[in-house]
Number of protein chains: 2
Amino acid sequence: MKITLIGSGNVAWLLGKALQQAGHDIVAVYSPTAAHREALAQVLPPAKAVDSLDLRATGAELFVIAVPDAAIASVAAAVRVPDGAIVVHTSGSQPLAALQGIAGARPGVFYPLQTFSKSKPVDFSTTPILIEAEDEQTLQALQALASTISKEVHQVDSLKRRQLHLAAVFACNFTNHLLGISRQLLQQAALPDTLLQPLIQETIAKAMQNHPFLVQTGPAVRHDQNVIEEHLRLLQDQPLYQQVYQLLTQSIQDHSQKR
Amino acid sequence: MKITLIGSGNVAWLLGKALQQAGHDIVAVYSPTAAHREALAQVLPPAKAVDSLDLRATGAELFVIAVPDAAIASVAAAVRVPDGAIVVHTSGSQPLAALQGIAGARPGVFYPLQTFSKSKPVDFSTTPILIEAEDEQTLQALQALASTISKEVHQVDSLKRRQLHLAAVFACNFTNHLLGISRQLLQQAALPDTLLQPLIQETIAKAMQNHPFLVQTGPAVRHDQNVIEEHLRLLQDQPLYQQVYQLLTQSIQDHSQKR
């Protein structure tokens, strides 16, 4: 397919490269910042860097809006594309409806479910790509496109994508925060930062192979009140962490009771 | 070293095998359950299965108590060892003092910081082993022993081991629970269980390479109130998860404010 990228962040870079490697033509790159669009166009030859959101002359059939969530609405309001072109955004938290009102466009979602940094290559073949469109023809086009870079293509509507995003907040954002608290506690005890890493890796591997609720360990699920009280005492100068400890202990116990 | 194992659970199996492979002699295995001690003795030839806690005749210089935390006290009260023998427990949450009162013994701690299942081989060479003893000579003996199976040997006293255990509850037990909630939310949305796995793996990898607080992402750290309220609405029938969401969001925001 002939594709124009709108945006020059991590998603635009890595998705652009993956699409090009799969044989698609990245014909143009738009970013409001000259240095950004030129840098990205340079790594995706012969893509042209363009400085206007009137993209009707780029010759693309597909326009990929890969910008921060908060900027999608303003891009959608300003962009001009040829009649019948497919325009997708790449966001997990925004509905398909965020692209309503782009004149003549067939809106869609093309959401690669992964966290991206330019410095770290991503294996797109195992990265789930979640697609959505209003009509069957557009959906099939997105399905075909996604299949050229990933083995894991799923049709997921906006409501389910929102539920997925909520699940990701628990599994990734909140988990990361707990790992941060843990690291801070190690530092407070003058223990090496890396001491828990083998245990963390094994814990995650187990939680992938089983339902995590079935392999829960620790003082909460054992109702080991002595250890729990000792831990709460160790946290007495960090009341918010103490609350987190209490609530998660309660949630673990509540859950194990129900089973 | 000549070693007797007390216990026949996952730690006894895997640690016993690792010590034997490193060239030590497992001379005897004690468990109150005949089938258990015989099964373990069989995989550690020529170890003898013994049915009494009077272990003075086993010929060992080191006795490893690898039993559940709650059983350490009763083993310590009943065990008999030769004068001057080293007796260690393998627990992260119990103090060295748990072994006080074993007549003639030099007490110690030999704690492999990992989660074990018999079905899954463990790379002991990268598993941290935390040791503690009352006197320098015992400490050196444990350091020498631990170094034969692991490159990561640390002397950690009982208070620090308790702080470490607290950090592990956050990084492993609580993290596992959040992964369980996430999996449940995927199931409620009729989405595939495995959909988030590539994202989770990348999130953990990033949290290992950086301080997790520095790579925090998501609606909480962005103060994206619209998304946060939408997520809380999706959780309205699960009030405890709603509380967990609110408290962790508050903790993330509190932390990012302080930085």
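Numbers given for residues are sequential positions, taken from 1 along each chain in its written order. Labels are handed out in written order, letters beginning with A for the chains and numbers beginning with 1 for the ligands. Reporting of local features is limited, given that this is a predicted model, to residues whose pLDDT is at least 70; pairs of side-chain atoms are given and counted only at 80 or more, and all residues count toward the totals for whole chains, interfaces and linings. The side-chain figures draw on all heavy atoms in the structure; neither hydrogens nor water molecules are used.

Visitor: How would you sum up the domain arrangement of chain A? Please name residues and give values.
Guide: Often, the extent of an interface is quoted as the loss of accessible area upon association of its parts. Its domain assignment divides chain A into domain 1 (2-156) and domain 2 (161-258). On a C-alpha basis, the centroid separation for the pair domain 1 of chain A and domain 2 of chain A is 37 Å. These domain boundaries are the output of an automatic or database domain assignment.

Visitor: So what's going on with the packing of helix H6 (residues 197-209) of chain A against helix H6 (residues 197-209) of chain B? Residues and values would help.
Guide: H6 of chain B packs onto H6 of chain A with a crossing angle of 175° between their chain directions and a minimal axis gap of 11 Å. Looking at the two axes, H6 of chain A sits roughly antiparallel to H6 of chain B. Here H6 of chain A contributes Gln197, Ile200, Gln201, Ile204 and Met208 of chain A to the contact with H6 of chain B, which in turn contributes Gln197, Ile200, Gln201, Ile204 and Met208 of chain B. Tallied by class, the residues present in the contact of H6 of chain A with H6 of chain B amount to six nonpolar, four polar and no charged. Fitting a line to C-alpha atoms yields each axis, with helices limited to the stretch in contact; the angle taken between N-to-C directions then spans 0 to 180 degrees. Helix and strand labels come from DSSP, where a helix needs a run of H or I of at least four residues and a strand needs a run of E of at least two; each type is numbered from the N terminus. When an angle is under 35 degrees it counts as roughly parallel; over 145 it counts as roughly antiparallel; between 65 and 115 it counts as roughly perpendicular; any other value is oblique. Whether two residues touch is decided by their heavy atoms; if any such pair falls within 4.5 Å, the residues are in contact. Note on residue classes: Ala, Val, Leu, Ile, Met, Phe, Trp, Tyr, Cys and Pro are nonpolar, Asp, Glu, Lys and Arg are charged, and everything else, Gly too, is polar.

Visitor: Talk me through the interface of chain B and chain A; I want residue IDs and the actual numbers.
Guide: Residue-level contacts link 84 residues of chain B with 84 residues of chain A. Take the accessible area each of two parts loses on contact, using a 1.4 Å probe, and add the two losses: that sum is the buried area. Approximately 8600 Å² of surface area, both sides summed, lies buried where chain B meets chain A, with 70% of it carried by carbon and sulfur atoms. When the buried surface of chain B facing chain A is broken down by residue, Phe170, Phe174 and Met208 of chain B rank first, second and third, together holding 8% of it. Throughout this description, the term salt bridge denotes a Lys or Arg side-chain nitrogen within 4 Å of a carboxyl oxygen of Asp or Glu. Here chain B is connected to chain A by two salt bridges. Its salt-bridge partner being arginine 162 of chain A, residue glutamate 230 of chain B comes within 3.4 Å of it at the nearest N-O pair. Side-chain atoms alone can form a polar contact between residues adjacent in sequence; in general such a contact is a pair of N or O atoms within 3.5 Å, and within protein one must be able to donate a hydrogen while the other accepts it. At the boundary of chain B and chain A, one finds 30 residue pairs in polar contact (both at pLDDT 80 or more).

Visitor: Which residues make up the pairing of strand E1 (residues 2-6) of chain B, and what are the values?
Guide: All names here are of chain B. With four of five residues buried, E1 is to be regarded as a mostly interior element. One requirement defines pairing of two strands: DSSP has to find at least two bridges between them. The sheet contact formed by E1 and strand E2 (residues 25-30) spans five bridges and is parallel. When the bridges of E2 are listed, isoleucine 3 appears paired with isoleucine 26. By convention, a crossover is right-handed whenever its connection, traced from the first strand over the helix to the second and viewed with the strands pointing away, goes clockwise. Handedness of the crossover is the feature at issue here: the chain leaves E1, passes through helix H1 (residues 10-21), returns alongside E2, and the resulting connection is right-handed. Here E1 pairs with strand E4 (residues 62-65) via four bridges, running parallel. Residue threonine 4 lies in a different strand from E4, and its bridge partner there is phenylalanine 63. The classification of residues rests on relative accessible area computed with a 1.4 Å probe and restricted to protein chains. Under 20% of the type maximum is buried, over 50% is exposed, and intermediate values are partly exposed.

Visitor: Tell me about the UniProt feature "domain: DUF2520" (unreviewed entry) in chain A, residues and numbers included.
Guide: Mapped onto the present numbering, the UniProt feature "domain: DUF2520" (unreviewed entry) falls on residues 128-252 of chain A. Secondary structure over residues 128-252 of chain A splits into 67% helix and 6% strand, and the C-alpha atoms at its two ends are 30 Å apart. UniProt positions are given in the numbering used here, feature names are shortened, and annotations may be inferred rather than shown by experiment.

Visitor: I'd like a description of the sheet that holds strand E5 (residues 86-89) of chain B, backed by residues and values.
Guide: Residue and element names in this part refer to chain B. Pairing within the open sheet is mixed, and its eight strands lie in the order E3-E2-E1-E4-E5-E6-E7-E8. What marks the edges here is a single partner per strand, and that holds for strand E3 (48-50) and strand E8 (153-155). On average, each strand axis in the sheet is tilted by 25° relative to the strand beside it, whichever way the strands run. Relative to strand E7 (residues 129-133), helix H4 (residues 136-147) is tilted by about 165°, and along the sheet it contacts E1, E4, E5, strand E6 (106-112), E7 and E8. Across the sheet, helix H5 (residues 158-188) is in contact with E5, E6 and E7; its angle to E7 comes to roughly 150°.

Visitor: So what about the UniProt feature "domain: Putative oxidoreductase/dehydrogenase Rossmann-like" (unreviewed entry) in chain A? Which residues, and what values?
Guide: UniProt records the feature "domain: Putative oxidoreductase/dehydrogenase Rossmann-like" (unreviewed entry) at residues 2-103 of chain A, using the numbering of this structure. Summarising residues 2-103 of chain A: 28% helix, 22% strand, and an end-to-end C-alpha distance of 20 Å.

Visitor: Tell me about the nonpolar core, residues and numbers included.
Guide: In this structure, Phe170 and Leu196 of chain A together with Phe170 and Leu196 of chain B are the most contacted members of the largest nonpolar core, which totals 82 residues. If we skip the residues at most four places from it in the chain, leucine 196 of chain B touches Leu113, Leu164, Ala167, Ala168 and Ala171 of chain A together with Ser182 and Leu186 of chain B. In these notes, a set of buried Ala, Val, Leu, Ile, Met, Phe, Trp, Tyr and Cys residues joined through side-chain atoms within 4.5 Å is what counts as a nonpolar core.

Visitor: Go over the environment of leucine 145 of chain B with me, naming the residues and quoting the values.
Guide: Residues and elements named next belong to chain B. Structurally, leucine 145 is set in helix H4. Residues leucine 145 and phenylalanine 110 lie 35 residues apart in sequence; the distance between their C-alpha atoms is 9.6 Å. Apart from residues lying up to four places away in sequence, leucine 145 is in contact with Met1, Ile3, Leu19, His24, Leu62 and Phe110.

Visitor: Go over the sheet that holds strand E2 (residues 25-30) of chain A with me, naming the residues and quoting the values.
Guide: For sheets, the rule is that strands pair by backbone hydrogen bonds, running either parallel or antiparallel. Residues and elements named next belong to chain A. The eight strands are arranged E3-E2-E1-E4-E5-E6-E7-E8 in an open sheet whose pairing can be described as mixed. Every interior strand has two partners, whereas the edge strands, strand E3 (48-50) and strand E8 (153-155), have only one. Neighbour-to-neighbour, the strand axes of the sheet open up by a mean angle of 25°, direction not taken into account. Where E2 and E3 come together, three bridges link them in parallel fashion. Paired with alanine 28 across the two strands is lysine 48, which belongs to E3. Lying on the sheet, helix H4 (residues 136-147) is in contact with strand E1 (2-6), strand E4 (62-65), strand E5 (86-89), strand E6 (106-112), strand E7 (129-133) and E8; it crosses E7 at an angle near 165°. Relative to E7, helix H5 (residues 158-188) is tilted by about 150°, and along the sheet it contacts E5, E6 and E7.

Visitor: Describe the relation of the copies chain B and chain A, with residues and values.
Guide: What sets the superposition is a least-squares fit of C-alpha atoms, and only residues with pLDDT of at least 70 in both copies go into it. When chain B is fitted to chain A, the best match, at an RMSD of 0.1 Å, comes from turning it 180° and sliding it 0.0 Å along the axis. The superposition of one copy onto the other is thereby described by a two-fold rotation axis. Residue threonine 175 of chain B, judged by its C-alpha, is the member of chain B lying nearest the rotation axis, at 2.7 Å.

Visitor: Would you mind going over H5 of chain A in detail, with residue names and values included?
Guide: Structural remark: α-helix, 3.6 residues per turn; residues separated by three or four positions point the same way. All names here are of chain A. The end-to-end C-alpha distance of H5, which contains 31 residues, comes to 43 Å, matching closely the 45 Å that a straight helix rising 1.5 Å per residue would cover. Taking burial as the measure, the 31 residues of H5 include 25 buried ones, the bulk of the element. Backbone nitrogen of leucine 159 and a side-chain oxygen of the N-cap are separated by 3.3 Å at the start of H5; the cap is aspartate 157. Positive backbone phi, approximately 55°, marks alanine 190, located one or two places after H5. Expected helix span is given by 1.5 Å per residue-to-residue step, counting one fewer step than there are residues.

Visitor: So what about the packing of helix H9 (residues 239-258) of chain A against helix H8 (residues 239-258) of chain B? Which residues, and what values?
Guide: Where H9 of chain A contacts H8 of chain B, the two axes come as close as 10 Å, and the packing angle between them is 155°. Classed by the angle they form, the pair H9 of chain A and H8 of chain B counts as roughly antiparallel. Our pair here, H9 of chain A against H8 of chain B, has a crossing hand that is left-handed. Taking contact as the criterion, the partners of Leu240, Tyr241, Gln243, Val244, Leu247, Leu248, Gln250, Ser251, Asp254 and His255 of chain A in H9 of chain A are, on H8 of chain B, Leu240, Tyr241, Gln243, Val244, Leu247, Leu248, Gln250, Ser251, Asp254 and His255 of chain B. Crossings are sorted by hand: turned counterclockwise from the far helix by less than a right angle, the near helix makes the crossing left-handed, and turned clockwise it makes it right-handed.

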